[in-house]
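The chain contents come next:
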Amino acid sequence: MRSKIVAGNWKMNKKFDEADELLYQISEELSNNPLKDVQLVVCPPSLYLELATDFAESSDLKIGAQNVSHQKSGAYTGELSVEMLNSVDVEYCIIGHSERRKYFSESSEMLAQKVDNLLEFGIEPIFCIGEQLDDREAGNHFDLVKKQLSEGLFHLSASEFSNIVVAYEPVWAIGTGVTASPKQAQEMHAFIRGVISEKYGSDIAEETTIIYGGSCNAKNAKELFSNKDVDGGLIGGASLIAKDFINIANSF
Ligand code: 13P
């Protein structure tokens, strides 16, 4: 179901005490000033997932993982399975982040498998797509985003697809301080909704949550979120400061 979501991707940041403190600050803020119609999600490093789901029990916060194995269980040293995420009450999982595609060579087949495993356990994938600067400069950005969507997700049935959150993250905007303009974001989000509509029909497309990521912060969130096809944000750097993160969630 389409909803407003602001999710914080902490990436590989925060030591245990710092993670504990940040989760405490976010949940305090949420209980003092509850958010209206926005789901706040925190995606900490896996080591802190159980700590985070404990905080989430007593607040409106939901917890997501940053990654999961495409294998189900067994001899895969260092990996975490969907079943493990489920066993500590994780409700979302980021899949296909450009950093994983780039540094860990994650293929579309692998991503599609991860999505299937997550859906089997009722965990919502936050599926990331987005072009490099070169693709945009060459005018290939729409084709590329369509390819990522169809390779990673379009094997799903319509009812399975209705559990997906799509995150559009132009790679050139991630961690650079250069955000997509509200016009660029709206244009791509409308395109993504159109591609989903072609595949699954307009009802499913209208019900899909599509969030934006890439240098989104407390200053530019309002302008980005005011676009009709932008349903929230996937926030990196600015999600590491409780006040900024909450301000972003209050930017609708
Ligand atoms: P920044 O907000 O730091 O640009 O990161 C965006 C991101 O990659 C979220 O997944």
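Residues numbered from 1 in each chain as written. Predicted model: local features only at pLDDT ≥ 70, side-chain atom pairs only at ≥ 80, totals over all residues. Heavy atoms only, no water.

Asker: I tried to follow the site of the ligand on my own but got confused; where do I start?
Answerer: Taken together, Asn9, Lys11, His97, Glu169, Ala173, Ile174, Gly175, Gly214, Ser215, Leu234, Gly236 and Gly237 make up all the residues around the ligand. Within the side chain of Glu169, one N or O atom sits 2.9 Å away from an oxygen atom of the ligand. With respect to the ligand, the backbone of Ser215 contributes an N or O atom lying 2.8 Å from an oxygen atom. (Near = heavy atom within 4 Å. Polar contact = N/O pair within 3.5 Å; in protein donor to acceptor, adjacent residues only side chain to side chain.)

Asker: When you look at the pattern of salt bridges in this model, what are you seeing that I'm missing?
Answerer: Here the idea is simple: oppositely charged side chains can pair when their charged atoms come close. Applying the stated rule across the entire model yields 13 salt bridges. Its salt-bridge partner being Lys146, residue Glu198 comes within 3.7 Å of it at the nearest N-O pair. Here Glu198 is found in helix H9 (residues 182–200), whereas its partner Lys146 is found in helix H7 (residues 141–153), with 52 residues between them in sequence. Through salt bridges with shared partners, a single network forms among Arg2, Arg193, Glu206, Lys228, Asp229 and Asp231. (Salt bridge = Lys/Arg side-chain N within 4 Å of Asp/Glu carboxyl O. Helix = DSSP H or I, 4+ residues; strand = E, 2+ residues; numbered from the N terminus.)

Asker: What exactly am I supposed to notice about H9 here?
Answerer: It helps to recall that an α-helix has 3.6 residues per turn; residues three or four apart then point in one direction. Along its 19 residues, H9 runs 26 Å from first to last C-alpha, staying within 8% of the 27 Å computed at 1.5 Å per residue. Among all positions in H9, only Ala185, Gln186, Met188, His189, Ile192, Arg193, Val195, Ile196 and Tyr200 are buried. (Expected span 1.5 Å × (residues − 1). Buried < 20%, exposed > 50% of the residue type's maximum accessible area, 1.4 Å probe, protein only.)

Asker: Sorry, what's going on with the packing of helix H5 (residues 108–120) against H7 here?
Answerer: Helices that pack against each other are described as a pair by the angle of their axes relative to one another and the distance between those axes. The geometry of H5 relative to H7 is characterised by a closest axis approach of 7 Å and an angle of 50 degrees between their N-to-C directions. Judged by the angle between their axes, H5 and H7 are oblique. Packed against H5, whose contacting residues are Ser108, Ala112 and Val115, the element H7 presents Glu151, Gly152 and Leu153 at the interface. Broken down by class, the residue content of the contact of H5 with H7 amounts to three nonpolar, two polar and one charged. (Axes fitted to C-alpha atoms, helices over the stretch in contact; angles between N-to-C directions. Parallel < 35°, antiparallel > 145°, perpendicular 65-115°, else oblique. Contact = heavy atoms within 4.5 Å. Nonpolar A, V, L, I, M, F, W, Y, C, P; charged D, E, K, R; others polar.)

Asker: What should I look at first to understand the sheet that holds strand E3 (residues 62–65) in this one?
Answerer: Picture the strands of a sheet paired through backbone hydrogen bonds; they go either parallel or antiparallel. Read once around its circumference, the closed barrel built from eight strands follows the order E1-E2-E3-E4-E5-E6-E7-E8, with strand pairing classed as parallel. Geometrically, the sheet is characterised by an average inter-axis angle of 25 degrees between neighbouring strands, direction not taken into account. Two elements, E3 and strand E4 (residues 92–95), share two bridges in a ladder whose sense is parallel. Bridge pairing in E4 places Gly64 opposite Tyr92. (Pairing = 2+ DSSP bridges.)

Asker: Before we go on, may I ask you to explain the packing of aromatic side chains in this structure?
Answerer: With the rule as written, the count across this model stands at seven aromatic pairs. On the numbers, 5.5 Å between centres and 85 degrees between planes, the contact of Phe154 with Tyr200 is edge-to-face. With Phe154 in the loop between H7 and helix H8 (158–161) and Tyr200 in helix H9, the pair connects residues that are 46 residues apart, well separated along the chain. Judged by its relative accessible area of 14%, Tyr200 is buried. The structure contains a cluster of three or more aromatic residues connected by ring pairs, namely Phe154, Phe161 and Tyr200. It is Arg100 that lies over the ring of Phe104; its NZ or CZ is 4.0 Å from the centre. Looking at Lys199, its charged tip hangs above the ring of Tyr200, at a distance of 5.7 Å from the centre. (Phe/Tyr/Trp six-rings, centres within 6.5 Å; stacked < 30°, edge-to-face > 60°. Lys NZ or Arg CZ within 6 Å of the ring centre and 35° of its normal.)

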